[in-house]
Amino acid sequence: MEKLSSPLYLCCMHQEETGGEKLWVCVTEMSKVCSITSVIRSPFCLSAMAMPSSLLWAVDIFGRVYTLSTVGQYWELCKDAQLEFKRVSAVKQCCWGIACDHQVYTYVFSGDVPIRYQEETYENQRWNPVGGFCEKLLPSDRWQWSDVSGLKHQQLDSFTLPSPHWEWESDWYVDENIGGEPTEKGGWTYAIDFPSTYTKDKKWNSCVRRRRWIRYRRYKSRDVWAKIVSQDDPDKLPDPFNDISIGGWEITDEPLGRLSVWAVSLQGRVWYRENVCQHNPEGSMWSLITTPGEVVQISCGPYDLLWATLWEGQAIVREGIDRNNPQGISWSIVESPSSENGIMHVSVGVDVVWCVTKDRKVWFRRGVNSHNPCGTSWIEMVGEMMMVTVGLNNQVSHRVSSVGRHGRQLCLAERVTDLRPGAQQACSGLSSSVQSLSLSITPAQTAAWRKQIFQQLSERTKRELENFRHYEQAIEQSVWVKTGTLQWWRNWKPHKWMDVRVALEQFTGSDGIRDSILFIYYMYYEEKKYIHVFLNEVTILVEVLNEAKHSFALYTPERTKQRWPIRLAATTEQEMHDWLSLLNMSCCESRRIQGPPSHHAIWSVTCKGDIFVSEPSPELEDGPQVMPCDQMFWRQVGGHLRLVECNNRGIVWGIGYDHTAWVYTGGYGGGFIQGLASSADNIYTQSDVKCVYIYENQRWNPVTGYSSRGLPTDRYMWSDASGLQECTKLNTKPPSPQWTWVSDWYIDFNTSGGTDREGWQYAADFPASYHGHKTMKDFVRRRRWARKCKIVTNGPWLEVPPVTLWDISIIPSTDADGEEAVALWAISDKGDVLCRLGVTQQNPAGTSWLHVGTDQPFISISVGAFYQVWAIARDGSAFYRGSVSQKKPAGDCWYHIPSPQKQKLKQVSVGRTSVFVLDKNGNLWYRQGITPSYPQGSTWDHVSNNIRKMSIGPLDQVWVIADKVQGSHSLSCGTVCHRTGVQPMEPKGLSWDYGIGGGWEHISVRGNATEASRLTVHDISEENLAVSKDLEDEEGKGKTEHSKSLLMFSESQELDRSGVNC
């Protein structure tokens, strides 16, 4: 740790917390004016980019590189301090810099997931009548060793490491997998001729064959400055550099982590680094970009914005930058805002441009966007600056400190979102020392003393009332807690919102139990009527996903069966949250539930991202009277997640829509649940980002080609995925008022089925199977547009940086020591398999990630009892990990498990002895024949269909999220269902019990290890038979096998559009 006293070159990386743009500016004393040469070569400038760890990078006048964390108090010298630098530019995964020898270096941050690249080549053979398959090919055939197309000659010994910063991870080996299915020994695939469709089975007309050889190389130069060498001459770069800027990470997701690296040479030429991405952090080569003049400085934004300054004082703007052409097409010249003083520094963000002229005045460029990167005009700002740098955040914190005569201040412009000259500025001094950063204090932390006083008063009241318990209660206490006006979605046709008066009455019975009744008064043909609900019968209160209304739904067991809840709406978000908080607290009081969820709680997530928990009873799984799951009470926990996983030791992890990992802190409440109904500590701010998608549809006609003029029977030309609802860029709003837009509309090229260069998918007609290339039979096409939105809330969750995750699984341990490590496996958003080390009950976040090697990306993983680890690859194949144990947490190798015939899998869940998988068509399968000596099992048995997600508990309980569940009013999508009759001799169960729905997305019963008292085999058989018969009579389906489809419904019956979708 040290204090800095010299002028600095600074590079800031901070979290994207509230969206928008953050502006960093550097101020000098008015009496100290630098010439343009000294400004360009000055060792002081700024660069603000996004990074989860919130680091500020700096270079002093001696070339030493420092970092300052937002939670730290002192500057820290970079680990690799042997080089002297003059420029740095940083993004999330790396930092690029120019050393004093004018050479370019990159600093790739260390991580638990290694940077690996798969090299591959194909061995080709042809059959001849004499020797069978051999290496002798026809003159017109491809090379014996080639790439996948057969056009490039690739022998095994022709592959070399691209630079000294790489090392081979293993030797060459044969890939024995094709399309998710294992091949015969040797990995050969067969076809009639080159090129053709290859199969794993050898046929009588198979005249050629090939197999794929794989070898991985690993990037080893992490947390050190690695020199970027030239492929032509390792000792010299194309040109000595003096400025560098990196960005463009939001242009495209393919390839993963692609960056745009731009540099300026001493001769004023602009260079672009090719092929910089996640698996190639140093890129491949430099390309010279012609410019209309000599460039002195350059700035690249996260999207397609690139500006540079010329020696003459003008600015040039790069146009035509997109995912297919990241270098752009041409330059446009923008004149300086002052005719007498040219531009000496420019900085760009997402859609803003700031500059500083030679007279130290700051200017903002109006009208900049993706369609007009040049903008329209300049606006002069207040103050005199040395240089500016734009980041990713509008909401700006600030510090003010004194500055010496020759010192410089680092300032933040507040309210930059206004984009007006009246934006305020706040300065943070960087002079002889760096002061401690200010810490924000949340209301929950200041309320700790209130919680303590309330707890003391409650205990005192209980002690004093104990002496009077033998007295009879004179009067039944009753009090009106809250009244108000809401809107109610009436339950008769025509369904519509109508104004109602709502009152909540709370009373205390003779037994001391507090209960409440909710009255809803409405007018029916000028007659006043009401409906009432006892809150001790309410099973859940949940916000409803609605872009126009602040609405919520109230379920009871009867309304759960009908799929028709009571739905209310408030005029404002705050009013809705007030009612939800009060009703939620009243429901918990009537059921005597308070405090954090137990270790055995069942966790679930709605499609809106809301998190709910339910305390299971022993009668839920088995017993003389099985408890229907529509009587379970669900209470909300603050936060926003895509999925959540747990075990019975209280370890709970979640993953957001932006793939951020979160760990449960042990608190309760959060979100709209405040005050006494929420814990005073362990509540933290949480944010999440998701995409909203709409589709642009077109039809081909002989005159104009593809156009927006469709047939009268066609879908809307701008629609949702189904084509039944019109969705344009103007009328499409965020999912609910709690969300805000954080990006503009952009074309999504990562659509299933692939796209062409413009993002289009083609098909014969609507709707059909879409593909990414046009054929003669394709008369319609579509492309998907996406826009990111963000929500900021709070809850009992802490972020687990830095790896972003796709799936996660925690071992459902039952009899384990509290200090013993818990097995936790995960899959990153890139498909890497990871094992978390150091996870205990005292430290649920763990310590570090251990990478487990795979030959292909994975999408689902599950670790069951006795360290059974199963996984699903992206191609739909299943794998079992061998030799996993407490002492060997990563195991030793993967065993390929054949999938059900003609099915591609998407999810796996492992319990104590059961393994279930879910395919992409919604079919649920059970793995037969699993024994301790043969843990891979033998065959797959079909259990049910119409399944969205599933979870297998530590006692082999089977819970699912099902679609198309029959109700009194509608078919429900996203319904919690429980498999009844699961026994050791009947692991697939007998029938389904339907619970809360619809609109549920995920469920986890991995913590529910509460066992009920066991009945005799005779009683169990009779009970299961009775339950099965009752359900069959109720549904009237005449089922003969419990393992067949979950639901059978008429093709003419549609989903009720007035039903609730939470």
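Rules used throughout
Residues numbered from 1 in each chain as written. Predicted model: local features only at pLDDT ≥ 70, side-chain atom pairs only at ≥ 80, totals over all residues. Heavy atoms only, no water. Buried < 20%, exposed > 50% of the residue type's maximum accessible area, 1.4 Å probe, protein only. Helix = DSSP H or I, 4+ residues; strand = E, 2+ residues; numbered from the N terminus. Pairing = 2+ DSSP bridges. Axes fitted to C-alpha atoms, helices over the stretch in contact; angles between N-to-C directions. Phe/Tyr/Trp six-rings, centres within 6.5 Å; stacked < 30°, edge-to-face > 60°. Lys NZ or Arg CZ within 6 Å of the ring centre and 35° of its normal. Salt bridge = Lys/Arg side-chain N within 4 Å of Asp/Glu carboxyl O. Expected span 1.5 Å × (residues − 1). Disulfide = S-S within 2.5 Å. Contact = heavy atoms within 4.5 Å. Core = buried A, V, L, I, M, F, W, Y, C linked by side-chain atoms within 4.5 Å. Polar contact = N/O pair within 3.5 Å; in protein donor to acceptor, adjacent residues only side chain to side chain. pLDDT = per-residue confidence, 0-100.

**What about the pairing of strand β53 (residues 760-763)?**
Next, step 1: Burial of β53 is two-sided: the residues W760 and Y762 facing one way and the residues Q761 and A763 facing the other way are all buried.
Next, step 2: Examined bridge by bridge, β53 and strand β54 (residues 780-795) share 4 bridges and lie antiparallel to one another. Bridge pairing links Q761 to R782 in β54.

**Some thoughts on the sheet that holds strand β28 (residues 343-348)**
Next, step 1: In space, the 4 strands of this open sheet follow the order β28-β29-β30-β31, with antiparallel pairing throughout. Of all the strands in the sheet, the pair left with one neighbour each is β28 and β31 (377-384). Sheet twist, expressed as the average angle between the axes of neighbouring strands with direction ignored, equals 25 degrees.
Next, step 2: Sheet topology places β28 next to strand β29 (residues 353-357); 5 bridges connect them, and they run antiparallel. Bridge pairing in β29 places S347 opposite W354.

**Focus on the packing of aromatic side chains**
Next, step 1: Per the stated rule, a full pass over the model turns up 37 aromatic pairs.
Next, step 2: One aromatic cluster is present, built from ring pairs that chain together F85, Y105, Y107, F109 and W225.
Next, step 3: In this structure, K729 packs its charged tip against the face of W785, placed 3.4 Å from the ring centre.

**Let's talk about the pairing of strand β8 (residues 94-99)**
Both faces of the sheet carry side chains from a regular strand, because those side chains alternate between them.
Next, step 1: Within β8, 6 of the 6 residues are buried, which leaves it mostly tucked inside the rest of the structure.
Next, step 2: By the alternation rule, side chains of β8 split into C94, W96 and I98 and C95, G97 and A99, which are all buried.
Next, step 3: Of the pairings in the sheet, the one linking strand β7 (residues 85-90) to β8 comprises 5 bridges and is antiparallel in character. Within β8, the residue paired with S89 across the bridge is W96.
Next, step 4: Hairpin connection from β7 to β8: 3 residues lie between these consecutive antiparallel strands.
Next, step 5: In this structure, β8 lies alongside strand β9 (residues 104-108), joined through 5 bridges in antiparallel fashion. Looking at β9, one finds that W96 is bridged to T106.

**Points about the pattern of salt bridges**
Opposite charge on two side chains makes pairing possible when the charged atoms of those side chains draw close.
Next, step 1: A complete count under the given rule lists 25 salt bridges for this structure.
Next, step 2: As a salt-bridge pair, R87 and D243 come within 3.9 Å of each other at their nearest N and O atoms. Taken together, the residues span a long stretch of sequence, with R87 in strand β7 and D243 in strand β20 (residues 241-247) at a distance of 156 residues. For the pair R87 and D243, one class covers both residues: buried.

**Notes on helix α5 (residues 573-590)**
Next, step 1: Taking 1.5 Å of rise per residue, 18 residues should cover 26 Å, and α5 covers 26 Å from first to last C-alpha, within 8% of that figure.
Next, step 2: Along α5, the residues that are buried comprise M576, H577, W579, L580, S581, L582, L583, N584, S586, C587, C588 and S590.
Next, step 3: Directly after α5, the chain includes R592, whose backbone phi takes a positive value near 55 degrees.

**Comments concerning the sheet that holds strand β23 (residues 286-289)**
Next, step 1: Strand order in the open sheet formed by 4 strands is β20-β21-β22-β23, and the pairing between neighbours is antiparallel. The open sheet is flanked by β20 and β23, the only strands paired with a single partner. Strand-to-strand twist in this sheet, taken as the mean axis angle between neighbours without regard to direction, amounts to 25 degrees.
Next, step 2: In this sheet, strand β22 (residues 270-273) lies alongside strand β21 (residues 260-265) in antiparallel orientation, the contact comprising 4 bridges. Each residue of the ladder has a partner; that of V264, found in β22, is V270.

**Here's the deal with the state of the cysteines**
Next, step 1: Following the criterion strictly, the structure yields 0 disulfides and no others.
Next, step 2: Note on C977: no disulfide assigned, nearest cysteine sulfur contributed by C629 at a separation of 6.8 Å.

**Side note on the environment of I791**
Next, step 1: Relative to the helices and strands, I791 is located in strand β54.
Next, step 2: When its relative accessible area of 8% is taken as the criterion, I791 is described as buried.
Next, step 3: Along the sequence, I791 and D688 sit 103 residues apart, while their C-alpha atoms lie 5.5 Å from each other.
Next, step 4: Sequence-distant contacts of I791, defined by excluding residues within four places in its chain, comprise H640, Q686, S687, D688, Q738 and W739.

**Overview of the nonpolar core**
Next, step 1: Grouped together as the largest cluster of nonpolar side chains are 36 residues, with contacts concentrated most on W653, L805, I808, W825, W849, F858 and W894.
Next, step 2: Counting residues per element, the ones that place at least two in this core are β46 (652-655), β47 (661-664), β56 (805-810), β57 (824-828), β58 (833-837), β59 (848-852), β60 (858-863) and β61 (869-873).
Next, step 3: Residue contributions to this core peak at 4 residues, all from β57.
Next, step 4: Counting 28 residues, the second largest nonpolar core, distinct from the first, contains L504, F552, L554 and F633.

**Let's talk about the side chain of S590**
Next, step 1: By the element assignment, S590 lies in helix α5.
Next, step 2: Polar contacts involving the side chain of S590 include one to the main-chain carbonyl oxygen of C587, which spans 2.8 Å.

**As for unusual backbone geometry**
Next, step 1: In the segment running from F194 into P195, the intervening peptide bond is cis, with an omega of -25 degrees.
Next, step 2: Along the chain, the position of P195 falls in the loop between β17 (189-191) and β18 (208-219).
Next, step 3: Positive phi, close to 60 degrees, is recorded for R563, a residue that is not glycine.
Next, step 4: On the basis of relative accessible area, R563 is assigned to the buried category, the value being 5%.
Next, step 5: The backbone of Y867 sits at a positive phi, close to 60 degrees, despite the residue not being glycine.
Next, step 6: Looking at the secondary structure, you find Y867 in the loop between β60 and β61.

**Describing the confidence of the model for the protein chain**
Next, step 1: Put simply, the protein chain has an average pLDDT of 81, and 80% of its residues get 70 or more.
Next, step 2: Contacts of residues 12-52 to residues separated by more than four positions or lying in other chains number 174 contacts, the stretch itself having pLDDT below 50.
Next, step 3: When the criterion is pLDDT under 50, residues 414-446 qualifies, and its contacts beyond four places in sequence or with other chains add up to 80 contacts.

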